[in-house]
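Commentary on secondary and tertiary structure
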Amino acid sequence: MSLPAVLLAADSSPSPTPSGSPTVTVPSLQDAQESATNAASWVEQNWSTWLAIGLRVLLILVIAAVLRKFVLRAISKLIERMNRTVESPEGSTLGGLLVNAERRRQRSQAIGSVLSSMASFLILGTAALMALSAFEINLAPLLASAGVAGVAIGFGARNLVTDFLSGVFMILEDQYGVGDQIDAGVATGEVIEVGLRVTKLRGDNGEIWYVRNGEVKRIGNLSQGWATAGVDVTVKATEDLDRVKATLDEVAEKMSKEEPWNELLWSPIEVLGLDSVLLDSMVVRVSAKTMPGKALTVERELRWRIKRAFDAADIRIVGGATAPAEEDAADPAAAVAAPSVFSNADSPQSAAASPIAPQRAVAAAPTPK
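Residue positions are counted from 1 within each chain, in the order its sequence is given. Two thresholds apply to this predicted model, a pLDDT of at least 70 for residue-level local features and 80 or more for giving and counting side-chain atom pairs, whereas whole-chain, interface and lining totals are computed over all residues. Just so you know, side-chain values use all the structure's heavy atoms and leave hydrogens and water out.

**Describing the sheet that holds strand 6 (residues 227-236)**
When DSSP finds two or more bridges between two strands, those strands count as paired. Where helices and strands are cited, they refer to DSSP runs of H or I of at least four residues and of E of at least two residues respectively, numbered from the N terminus. Strands sit in the order 6-8-7 across an open sheet of 3 strands; the sheet is antiparallel. Each edge of the open sheet carries a strand with a single partner, namely strand 6 and strand 7 (270-277). The average angle at which neighbouring strand axes cross in this sheet is 25°, direction not considered. Should any heavy atoms of two residues lie within 4.5 Å, those residues are considered in contact. Interaxial angle, 0 to 180 degrees, is taken between N-to-C directions of lines fitted to C-alpha atoms, where a helix line uses only the stretch in contact. Strand contacts of helix 9 (residues 295-312): strand 6 and strand 8 (281-290), with the helix running at about 25° to strand 6, the strand carrying the most contacts.

Here it is, written out as structure tokens:
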């Protein structure tokens, strides 16, 4: 390019304003019309996509709500079925007494609550993830983060997870319930509250034990089915067995007819026979099935009645399996002779018994001259 052309181009370029302030451009009506036209065209192009996404999310929510309602209704039907009274297969009175309506109601409510919570969490959680995927949100980072967080929480709170799972299986298997007398290994007492993580026990001295479900390795339930009351009666080996058995049968028959023992006893009191025979004593075993948790009460009353009946029948109850015969204690001073007065050298008897000492001859005095 030549020099004149460069100078001509420089003269034709606009010079800056003296004030130096920027020029404000006011949009015209034509510009506004173009912006509105562009927005309308953009909405027209994307409304079908929005509608499809909205319909998809709505369909997901409707299906989730219907499925949740159906599942909760099925759980309610299951709980109602569990609450029904179960007839004894043999039609016996004992089988009817074993059915505890309150116990079954508490257990069914706990199971229903756990199942309903788990079903709601799974259904609503899955619906939320599907709704997010409908908006074309990449769920891979979210799921990966949730997986890592779940692993971290699982390692950090493994005891909590163990307690929760143990509580769920404990309720499903009906291992124990409120009001049961149990031996949990770490503590023993009456169950006053059952939770998914902690079980509360009332001890014999009134203390409250908080036992984590994950720490319980074994459960001894003393309130399920029935209890056994057993009393061992130790009598002398010389007693008449027929008379002892007749006395025990009389006590058992009388106790079975009186209230409230006729309700606590679920089977007749039986004299099982001789439990052991020793040289100087023998043990007679008496047993009966009782209402759960009432075995100790029945045993105490049975011992009371047996003692009074044996006293009336002049049957002696010895203190143990090898009760020795009572003998008079030997007097340790029996082989010692009585003290004698002759042992004292100053006594008159000792002086009288001592020999007489010989008298010495007295020299004659000289006669005076």
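The discussion continues.
**What to know about the sheet that holds strand 4 (residues 208-212)**
What holds strands together in a sheet is hydrogen bonding between their backbones, with the strands either parallel or antiparallel. Within the open sheet, the 5 strands sit side by side as 4-3-2-1-5. Their pairing is antiparallel. The two strands at the open ends of the sheet, each matched to only one other strand, are strand 4 and strand 5 (220-221).

**With respect to helix 6 (residues 158-173)**
Side chains that are three or four residues apart share a direction in an α-helix, a result of its 3.6 residues per turn. Helix length check: helix 6, at 16 residues, gives a terminal C-alpha distance of 22 Å against a target of 22 Å (1.5 Å per residue), a fit within 8%. Exposure classes here rest on a 1.4 Å probe applied to the protein chains alone. A residue is buried below 20% of its type maximum, exposed above 50%, and partly exposed in between. Here helix 6 has its buried residues at Asp163, Gly167, Val168, Met170 and Ile171. Buried positions in helix 6, seen along its axis, are confined to an arc of 165° and lie on one side of it. Count one or two residues on from helix 6 and you reach Asp174, which has phi positive near 55°. The span expected for a helix works out to 1.5 Å for each residue beyond the first. Relevant arc is that of directions from the helix axis to the C-beta atoms, nothing else.

**Focus: the layout of surface pockets**
Of the voids in this model, the second largest pocket is the one considered here, and its volume is about 230 Å³. In this structure, the second largest pocket is lined by Thr247, Glu250, Val251, Lys254, Glu258, Trp304, Arg305, Arg308 and Ala309. Put simply, the parts of the chain that give the lining of the second largest pocket at least two residues each are helix 7 (241-257) and helix 9. We call Asp, Glu, Lys and Arg charged. Ala, Val, Leu, Ile, Met, Phe, Trp, Tyr, Cys and Pro are nonpolar, and the rest, Gly among them, are polar. Taken together, the residues that form the lining of the second largest pocket break down as 3 nonpolar, 1 polar and 5 charged. The way it works is a 1 Å grid over only the protein atoms, where trapped points that fit a 1.4 Å probe form a cavity and open points with protein on both sides within 12 Å along at least five of seven lines form a pocket, and then any residue with an atom within 4 Å of a point lines it. Grid points are joined across faces, edges and corners, and a volume is the space filled by probe spheres set on the points.

**Focus on the packing of helix 7 against helix 9**
Orientation of helix 7 relative to helix 9, taken along the N-to-C sense of each, is 130°, at an axis distance of 10 Å. It follows that helix 7 is oblique to helix 9 by the angle criterion. Relative to helix 9, helix 7 is oriented so that their crossing is right-handed. Here helix 7 contributes Val244, Thr247, Leu248, Val251, Lys254 and Met255 to the contact with helix 9, which in turn contributes Val298, Glu301, Leu302, Arg305, Ile306, Ala309 and Phe310. Within the contact of helix 7 with helix 9, the residues separate by chemical class into 9 nonpolar, 1 polar and 3 charged. Orientation labels follow simple angle bins: below 35 degrees gives roughly parallel, above 145 gives roughly antiparallel, 65 to 115 gives roughly perpendicular, and whatever is left gives oblique. With the far helix as reference, a near helix turned anticlockwise by less than a right angle produces a left-handed crossing, and one turned clockwise produces a right-handed crossing.

**Some words on a nonpolar patch on the surface**
Only residues whose relative accessible area exceeds 30% and that take part in no salt bridge are eligible for patches, with like-charged residues grouped when within 9 Å of each other and nonpolar side chains (Val, Leu, Ile, Met, Phe, Trp, Tyr) grouped when within 5 Å. Note on areas: these come from Shrake-Rupley sampling with a 1.4 Å probe, and a residue is covered only by the protein chains present in the view. Salt bridges are defined by distance alone: a side-chain nitrogen of Lys or Arg within 4 Å of a carboxyl oxygen of Asp or Glu. Taken together, the side chains of Trp47, Leu51, Leu55, Leu58, Val62 and Val66 make up a nonpolar region of the molecular surface, amounting to roughly 600 Å² of accessible area. The class for Trp47 is partly exposed, based on a relative accessible area of 47%.

**Digging into the pattern of salt bridges**
This model, assessed by the stated rule, comprises 12 salt bridges. Arg285 is the partner of Asp232 in a salt bridge, and the nearest nitrogen-oxygen pair spans 2.7 Å. Pair noted here: Asp232 is in strand 6 and Arg285 is in strand 8, with a separation of 53 residues, a long-range link. Judged by relative accessible area, Arg285 falls into the partly exposed class, the value being 27%.

**What to know about the environment of Val194**
Assignment of secondary structure puts Val194 in strand 2 (residues 188-194). We classify Val194 as partly exposed; its relative accessible area is 26%. For the pair Val194 and Gly179, spaced 15 residues apart in the sequence, the C-alpha separation amounts to 10.0 Å. Setting aside chain neighbours within four positions, we find Val194 in contact with Met170, Tyr176, Gly177 and Val178.

**As for the nonpolar core**
Remark: nonpolar core denotes a set of buried residues (Ala, Val, Leu, Ile, Met, Phe, Trp, Tyr, Cys) joined through side-chain atoms within 4.5 Å. Residues Leu248, Ile269, Val298, Leu302, Ile306 and Phe310 are the most contacted members of the largest nonpolar core, which totals 26 residues. Elements supplying a minimum of two residues to this core: strand 6, helix 7, helix 8 (261-264), strand 8 and helix 9. The element best represented in this core is helix 9, accounting for 6 residues. Among all residues touching Val298, those that are not within four sequence positions of it are Ala229, Met255, Trp261, Leu264, Leu265 and Thr290. Core analysis: the next-biggest nonpolar cluster, separate from the first, contains 15 residues, Ile79, Ile171, Tyr176 and Ala184 among them.

**Some remarks on the confidence of the model for the protein**
pLDDT: the predictor's confidence for each residue, scored from 0 to 100. Here the protein averages 74 in pLDDT, and 68% of its residues register 70 or above. Low pLDDT (under 50) marks residues 6-10, which in the prediction has 1 contact with non-local residues, meaning those over four places away or in another chain. Within the model, the stretch residues 85-99 combines pLDDT values under 50 with 11 contacts to residues more than four positions away or in other chains.

**Considering the pairing of strand 8**
For strand 8, the buried fraction is high: 8 of the 10 residues fall into the buried class. Here strand 6 runs beside strand 8; their pairing, made up of 10 bridges, is antiparallel. Considered in strand 8, the bridge of Val235 is made with Met282. As paired strands, strand 7 and strand 8 are joined by 6 bridges and run antiparallel to one another. Directly across from Gly273, in strand 8, lies its bridge partner Arg285.

**Observations concerning helix 7**
The terminal C-alpha atoms of helix 7 lie 25 Å apart, and with 17 residues this matches the ideal 24 Å at 1.5 Å per residue to within 8%. Regarding helix 7, the residues found buried are Val244, Thr247, Leu248, Val251, Ala252 and Met255. Taken down its axis, helix 7 places every buried residue within 135° of arc, on the same side. Turned more than 90 degrees from where helix 7 packs its buried face, Asp242, Glu250, Lys254 and Lys257 sit exposed. On its buried face, helix 7 is in contact with helix 8, strand 7, strand 8 and helix 9. Between a side-chain oxygen at the N-terminus of helix 7 and the backbone nitrogen of Asp242 the separation is 3.3 Å; the capping residue is Asp240. Pairing of N or O atoms within 3.5 Å defines a polar contact, subject to two protein rules: one partner must be a possible hydrogen donor and the other a possible acceptor, and residues neighboring in sequence count only if both atoms are side-chain atoms.

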